[in-house]
Amino acid sequence: MIREMLGSTSLNEAEDYFRALKSYQVDPAQDFQRVKGRIGLMASITYAQMFFTNQNTYKRLRRELDLHQRESNPLNQQFDVLIVLPPRGTLNKRALENFRKQSLGLSMSAGFAHVSHAQLNSDRVLHGAHRLLKLVAEKKSANRKLIIVSYSYGSAFVRAMLDQCQADEISHVKGWVNLSGLIFGSPLFDCSDKRGLLSRTSAAQRTFSSEQRYFLRPLQTHHLKVVHFLGMKNSESLSRREYRERERLRAWGPNDGVVCFSRYQKLEQPVVPLGDQGHLLNLAYFSSTFVRTLSSIVSTIPMAPVHSTLGASHLSLS
């Protein structure tokens, strides 16, 4: 009813697309926040997608994934996968459990030696990062090669760990896959650790926001191969108040360990924009892309063709 009163959704989407395209053709490297202020939230999301998909790092990743189009990598048997989940209470419980099952199942189906998950339930980023480093050290003591996958606010722990550790401490870690959202902020975060009388935000949501100072320096990867999956879709469930709050946000909580829009534009690693995904990512829509990314971290060129046990992806990189 409301959409009918406001006009055709498809027409609005077309107008957003052409506003984004025109802005991109004028200047393909504009600051995202300024673009949002000029052409609006939805059009600026489309602009950001155009930006990321035209980066050379993204194009190189596509070529690598083409080598894994119908096969997982036999070398995966030599690697473990550790999935870092966000603390309890920061995301919808059912959505988080769905992601946990999906990520574990897909990683195991790709033939990795051992797949496990860690939910570092700390309200402080540095505390969680230190706990994560202990788990990573256990893998090194066991002489295991490792790939880290992190989701949403769990990525803040990984980012802080990379900033705090020495290169030799993670010499056995091959890569990091960062799955995050949203590109233009989350209404769950207000960049303050103070709790109001009627506030329903969790302690982690408050303190993570106030700890953005830990992510102001450039991302330190220690020469790991890093791929960022970034949800781009605006949530249709936002209230009018939440939508207005998101319109004025200049940074979001460190759910991706990068924080500022400009820093995403300056990343040296590929960013895969997920146009049909919001902050509650559903791996079912890009399952093949996710698994092939893990396999490409192990080795760009597979040893020999092996029939994949995975079904076709619902979302390609095209």
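The structure presented is a predicted model; accordingly, all values stated were derived computationally and were not measured.

## A closer look at the sheet that holds strand β6 (residues 271-274)
The strands making up a sheet associate through hydrogen bonds between their backbones, and the pairing can be parallel or antiparallel.
And step 1. Taken in spatial order, the six strands line up as β2-β1-β3-β4-β5-β6 in an open sheet, and their pairing is parallel. Because the sheet does not close on itself, it has two edges, and the strands there are β2 (114-119) and β6. The average undirected angle you get between the axes of adjacent strands in this sheet is 15°.
And step 2. As paired elements, strand β3 (residues 145-151) and strand β4 (residues 173-180) share six bridges and run parallel to each other. The residue bridging V149 from the neighbouring strand is V177, located in β4.
And step 3. The sheet strands contacting helix α6 (residues 93-109) are β1 (79-85), β2, β3 and β4, and the helix crosses β1 at an angle near 175°.

## A few points about unusual backbone geometry
And step 1. The residue S152 is not glycine, and still its phi comes out positive at about 55°.
And step 2. With respect to the element layout, S152 can be found in the loop between β3 and α8 (154-164).
And step 3. Given a relative accessible area of 2%, S152 falls into the buried group.
And step 4. Located in the positive-phi region is H223, a residue other than glycine, with phi close to 70°.
And step 5. Residue position: H223 is located in the loop between α9 (203-210) and β5 (225-231).

Criteria and thresholds
- Note on numbering: residues in each chain are counted from 1, in written sequence order.
- Given that this is a predicted model, residues contribute local features only at a pLDDT of at least 70 and side-chain atom pairs are listed and counted only at 80 or more, while totals for whole chains, interfaces and linings are drawn from all residues.
- Each side-chain value is worked out from all heavy atoms of the structure, with water and hydrogens disregarded.
- When DSSP finds two or more bridges between a pair of strands, those strands are recorded as paired.
- Runs of E in the DSSP output that reach at least two residues are strands. Runs of H or I that reach at least four are helices, and both are numbered from the N terminus.
- Every axis in this analysis is a line fitted to C-alpha atoms, fitted for helices over the stretch in contact. Angles between the N-to-C directions lie between 0 and 180 degrees.
- Should any heavy atoms of two residues lie within 4.5 Å, those residues are considered in contact.
- Three labels apply to residues, based on accessible area from a 1.4 Å probe with only protein chains included: buried if under 20% of the type maximum, exposed if over 50%, partly exposed otherwise in between.

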